[in-house]
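Here is what each chain is made of, one letter per residue.
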Amino acid sequence: MQCESPIPKLRWDIFCRVIDNFGDLGVCWRLACNLAGRGQTVRLWADDVSALAWMAPQGAPGVEVKTWTAPINMTGITPGEVMLEAFGCEIDEEFIAEYAKNLRNSGQKCAWINLEYLSAEDFSARCHGLPSPVMSGPGRGLTKYFFYPGFTASTGGLLREPDLLARQAQFDRQAWLAKQGVPWRGERLVSLFCYEPAGLNGLLRSLASSGQATCLLVTPGRATAAVVAEISGMNALDPLWNQHQTLSFFYLPTLSQNDFDHLLWASDVNFVRGEDSLVRALWAGKPLVWQIYPQHDGVHADKLEAFLDWLQAPASLHAFHHQWNGLEVSDPAMAPAPFEPGRWRDCTARARASLLVQEDLSTQLLHFVAKIL
Ligand code: TRH
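These numbers come from a predicted model, not from an experiment.

What counts, and where the lines are drawn
- Residues numbered from 1 in each chain as written.
- Predicted model: local features only at pLDDT ≥ 70, side-chain atom pairs only at ≥ 80, totals over all residues.
- Heavy atoms only, no water.
- Helix = DSSP H or I, 4+ residues; strand = E, 2+ residues; numbered from the N terminus.
- Rg over C-alpha atoms; globule rule 2.2 N^0.38 Å.
- Buried < 20%, exposed > 50% of the residue type's maximum accessible area, 1.4 Å probe, protein only.
- Contact = heavy atoms within 4.5 Å.
- Areas by Shrake-Rupley, 256 points an atom, 1.4 Å probe, with all protein chains shown as cover.
- Near = heavy atom within 4 Å.
- Polar contact = N/O pair within 3.5 Å; in protein donor to acceptor, adjacent residues only side chain to side chain.
- Nonpolar A, V, L, I, M, F, W, Y, C, P; charged D, E, K, R; others polar.
- Domains from an automatic or database assignment.
- Patch = residues over 30% accessible without salt bridge, like charges linked within 9 Å, V, L, I, M, F, W, Y side chains within 5 Å.
- Salt bridge = Lys/Arg side-chain N within 4 Å of Asp/Glu carboxyl O.
- Disulfide = S-S within 2.5 Å.
- Buried area = accessible area lost by both parts, 1.4 Å probe.
- Pairing = 2+ DSSP bridges.
- Axes fitted to C-alpha atoms, helices over the stretch in contact; angles between N-to-C directions.

**Student:** Describe in detail the overall build of the chain, supporting the description with residues and values.
**Tutor:** Counting its regular elements, the chain contains 14 helices and twelve strands. A compact globule built from 373 residues would reach a C-alpha radius of gyration of about 21 Å, and the chain, at 22 Å, matches this within 12%. Each of the three principal axes of the chain carries a C-alpha extent, and together these read 75 × 40 × 40 Å. Buried residues in the chain amount to 54% of all 373 residues. Across the chain, every contact between residues at least 6 apart in sequence was considered, and the portion connecting residues at least 24 apart equals 72%. Element-wise, carbon and sulfur atoms account for 54% of the exposed surface of the chain, whose accessible area totals about 16500 Å².

Written as structure tokens, this is what we have:
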């Protein structure tokens, strides 16, 4: 995408509906901060802002958080110049009407953006930037634009803060782990952020029998619940599965988004899920395993495949992902796919390097909006 238009200072209204988990809000909060860090004024509307208490306890200058009530409370609200709906969430007609009225009165052009989910599938590049005329409702006559994040230069890119590399360079692993209370004695560290992965039993067995002391750093919520349940089942069936205590566990509290980054930087291997943590694991640059957000219609299988192809994942990483995500025909007698992070390092490092030379999502979005306006 060409980046020639100067970037005006604008007021943004970002709308986010929390479906489940933390990703929708996580992405929107990160985007809001990224834009505010580039001089924009951002109002983030979310129907459930509760997770921000731990994700972003400090808030961020330039970002105002509003609880998105139903119906929306428009008292004292003048819409900004850019209206961004995340992941197809529908903005209230009252807000759109006010926005359209302001545009008519000021004669200003509108920038109405729909930010889509991240995917490595071809459609992201094909549909990125497409206009969609609004044919009905109070926004009739306006145009909505589709903005697709992605992994290649022909998409909208990935969220990345300008100071990310500097922060990484200054990161002190030992000090950070000590601050979290992790009793690290040089063992391999594996972070775990997941839903209920089909391959969890296999992973725990592989780590316990690997001959390499490993500490699993388990994130709270679903990952902790899954690990606790799995261990209890394994202990009942085979009390000696981890008899030499080769595998140890450290259960983490909820971390801020910044500290979640630190967790990924401190670990030797990262298990992540959903959307935002996948991107953060790419920036961490360590071997990673992704549990994709499962969808009922099964389309996540193609999405995972497209990502692994883009990553140029070696065969063993493909196999591990299939088992981790339950996409393999399940045969209880089947041996777990080998856990071979040493073979998975190069592809992540290559991917990270290729992404770093692409423009980040916020910069691209700013240029895109400047062009529309
Ligand atoms: O929570 P998720 O599974 O979110 C998912 C996905 O985004 C998915 O695409 C979406 O459709 C679905 O929600 C509804 O995973 P994700 O995207 O990685 O988001 C997690 C966020 O939580 C991310 O911003 C990192 C943050 N986080 C912390 O800040 N601290 C923590 O301790 C942890 C574990 C996560």
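**Student:** Can you break down the site of the ligand residue by residue, with the values?
**Tutor:** Near the ligand you find 23 residues, and of these Tyr195, Leu255, Arg273, Asp276 and Ser277 are the closest. Within the contact set of the ligand, an oxygen atom lies 2.9 Å away from a side-chain nitrogen or oxygen of Gln257. Separating an oxygen atom of the ligand from a side-chain N or O atom of Ser277 is a distance of 2.7 Å. Taken by itself the ligand offers 700 Å² of open surface, and the protein chains cover 97% of this. When residues of the shell around the ligand are traced back to their parent elements, those giving at least two are α1 (23-36), α2 (52-55), α9 (257-266) and α10 (276-284). In terms of residues, the shell around the ligand owes the most to one element, α1, which gives three residues. In the shell around the ligand, the residues fall into nine nonpolar, nine polar and five charged. Residue contributions to the shell around the ligand reach at least three from each of two domains, namely domain 1 (11-157 + 359-372) and domain 2 (164-356).

**Student:** Now, about a nonpolar patch on the surface: what can you tell me, with residues and values included?
**Tutor:** On the surface, Ile19, Tyr117 and Tyr293 cluster together to form a nonpolar patch covering roughly 290 Å² of accessible area. Relative to the elements of secondary structure, Ile19 occurs in the loop between β1 (11-16) and α1.

**Student:** With reference to specific residues and values, describe the state of the cysteines.
**Tutor:** Throughout the structure, instances matching the rule amount to zero disulfides. No disulfide involves Cys28; its nearest neighbouring cysteine sulfur is the one of Cys16, lying 3.7 Å away. Free cysteine: Cys89, not disulfide-bonded; nearest cysteine sulfur from Cys16 at 6.8 Å.

**Student:** Summarise the domain arrangement of the chain; cite the residues concerned and give the values.
**Tutor:** The domain architecture assigned to the chain consists of domain 1 (11-157 + 359-372) and domain 2 (164-356). Contacts between the two partners involve 19 residues from domain 1, matched on the other side by 22 residues from domain 2. Taking both partners together, domain 1 and domain 2 bury about 1800 Å²; carbon and sulfur atoms supply 56% of that area. If you sort the residues of domain 1 by the area they bury against domain 2, Arg30, Leu118 and Phe151 come out on top, with a joint share of 37%. In this structure, the connection of domain 1 to domain 2 is made through one salt bridge. Its salt-bridge partner being Arg30, residue Asp276 comes within 2.8 Å of it at the nearest N-O pair. Run the count over domain 1 and domain 2 and you get seven residue pairs in polar contact (both at pLDDT 80 or more). If you list the elements that add at least two residues to the side of domain 1 that touches domain 2, you get α1 and α2. Broken down by element, the side of domain 1 that touches domain 2 gets its largest block of residues, four residues, from α1. For the side of domain 1 that touches domain 2, the residue count by class is twelve nonpolar, four polar and three charged.

**Student:** An account of the sheet that holds strand β6 (residues 131-133) is needed here, citing residue identities and associated values.
**Tutor:** Spatially, seven strands are ordered β3-β2-β1-β4-β5-β7-β6 in an open sheet, and the strand pairing comes out mixed. Among the strands making up the open sheet, the edge pair consists of β3 (63-67) and β6. Across the sheet, the mean angle from the axis of one strand to that of its neighbour is 25 degrees, orientation sign disregarded. Two strands pair when backbone bridges link them, and strand β5 (residues 111-115) and strand β7 (residues 143-147) are joined in this way by four bridges, in the parallel orientation. Bridging across to β7, Ile113 finds its partner in Tyr145. α1 contacts β1, β2 (41-46), β3, β4 (82-86) and β5 of the sheet and is inclined by roughly 170 degrees relative to β1.

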